[in-house]
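Take a look at the letters that make up each chain.
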Amino acid sequence: MFVVRIGETEVRGYLNLCPHFSLPLNHGPDQFVHLGHIRCVQHFAIFRPDDGVCVSGACEGSRLDPVGIGRTAEGMMVIQA
Ligand code: FES
């Protein structure tokens, strides 16, 4: 999975699987966001960071699988089951 920052305080988590061919979105660490959008490096589909919807490319209209992210009282990020 990976986490993207939305503005200064919010984050979203997604499984690292492109809905086009179920391949990883990245080739290397921290290579998910390009020009403000999530981009799959396989065939360059583009996804909105805030909801994971594919807005351009081979799987337009589909979406990334979300992973719930929360914060503890101390401010640490945790995965919500
Ligand atoms: S596998 Fe992501 S666009 Fe094809």
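Because the structure is predicted, anything quoted here is derived from the model rather than measured.

Asker: How should the sheet that holds strand S3 (residues 33-34) be read in this particular structure?
Answerer: Paired through backbone hydrogen bonds, the strands of a sheet run either parallel or antiparallel to each other. The strand order across the open sheet built from 4 strands is S3-S4-S5-S6, with neighbouring strands paired in antiparallel fashion. Of all the strands in the sheet, the pair left with one neighbour each is S3 and strand S6 (54-56). Of the strand pairs in this sheet, S3 and strand S4 (residues 37-39) are connected by 2 bridges, and their pairing is antiparallel. Its bridge partner being in S4, His34 is matched across the sheet by His37.

Asker: I keep staring at the nonpolar core and nothing clicks. Help me out?
Answerer: Among soluble globular proteins, nonpolar side chains are generally buried collectively. Ranked by size, the top nonpolar core spans 13 residues in total, and within it Phe2, Leu25, Ile38, Phe47 and Leu64 carry the most contacts. The contacts of Leu25, once residues within four sequence positions are left out, are Phe2, Leu15, Asn16, Leu17, Cys18, Phe32, Ile38, Arg39, Cys40, Val41, Phe47 and Leu64.

Asker: I'm lost on the pattern of salt bridges in this one. Help?
Answerer: Between side chains of opposite charge, pairing is possible as soon as their charged atoms come close. Applying the stated criterion across every chain, the model contains 2 salt bridges. Between Arg12 and Glu10 there is a salt bridge; the shortest N-O distance is 3.0 Å. Where Arg48 meets Asp51, a salt bridge forms, and the shortest distance between an N and an O atom there is 2.7 Å.

Asker: Would you take a moment to explain the side chain of Asn26 for this structure?
Answerer: One can find Asn26 in the loop between strand S2 (10-14) and S3. Residue classification places Asn26 among the buried positions, given a relative accessible area of 14%. In terms of polar contacts, Asn26 uses its side chain to reach the side chain of Asn16, at 2.8 Å. Not counting residues within four places of it along the chain, the set of residues in contact with Asn26 comprises Asn16, Gln31, Phe32 and Val41.

Asker: What's the story with the sheet that holds strand S7 (residues 66-67) in this structure? I'm lost.
Answerer: The 3 strands are arranged S1-S2-S7 in an open sheet whose pairing can be described as antiparallel. The open sheet has two edge strands with one neighbour each: strand S1 (2-6) and S7. Relative to S2, S1 runs antiparallel, the two being bridged by 5 bridges. Within S2, the residue paired with Val4 across the bridge is Arg12.

Asker: Sorry if this is basic, but what is going on with the pairing of S2 here?
Answerer: Side chains on a regular strand alternate between the two faces of the sheet. Taking the residues between adjacent antiparallel strands as the criterion, S1 and S2 are bridged by 3 residues, where Gly7 takes a positive phi near 65°. Relative to S7, S2 runs antiparallel, the two being bridged by 2 bridges. Looking at S7, one finds that Gly13 is bridged to Val67.

Definitions and limits used
- Residues numbered from 1 in each chain as written.
- Predicted model: local features only at pLDDT ≥ 70, side-chain atom pairs only at ≥ 80, totals over all residues.
- Heavy atoms only, no water.
- Pairing = 2+ DSSP bridges.
- Helix = DSSP H or I, 4+ residues; strand = E, 2+ residues; numbered from the N terminus.
- Core = buried A, V, L, I, M, F, W, Y, C linked by side-chain atoms within 4.5 Å.
- Buried < 20%, exposed > 50% of the residue type's maximum accessible area, 1.4 Å probe, protein only.
- Contact = heavy atoms within 4.5 Å.
- Salt bridge = Lys/Arg side-chain N within 4 Å of Asp/Glu carboxyl O.
- Polar contact = N/O pair within 3.5 Å; in protein donor to acceptor, adjacent residues only side chain to side chain.

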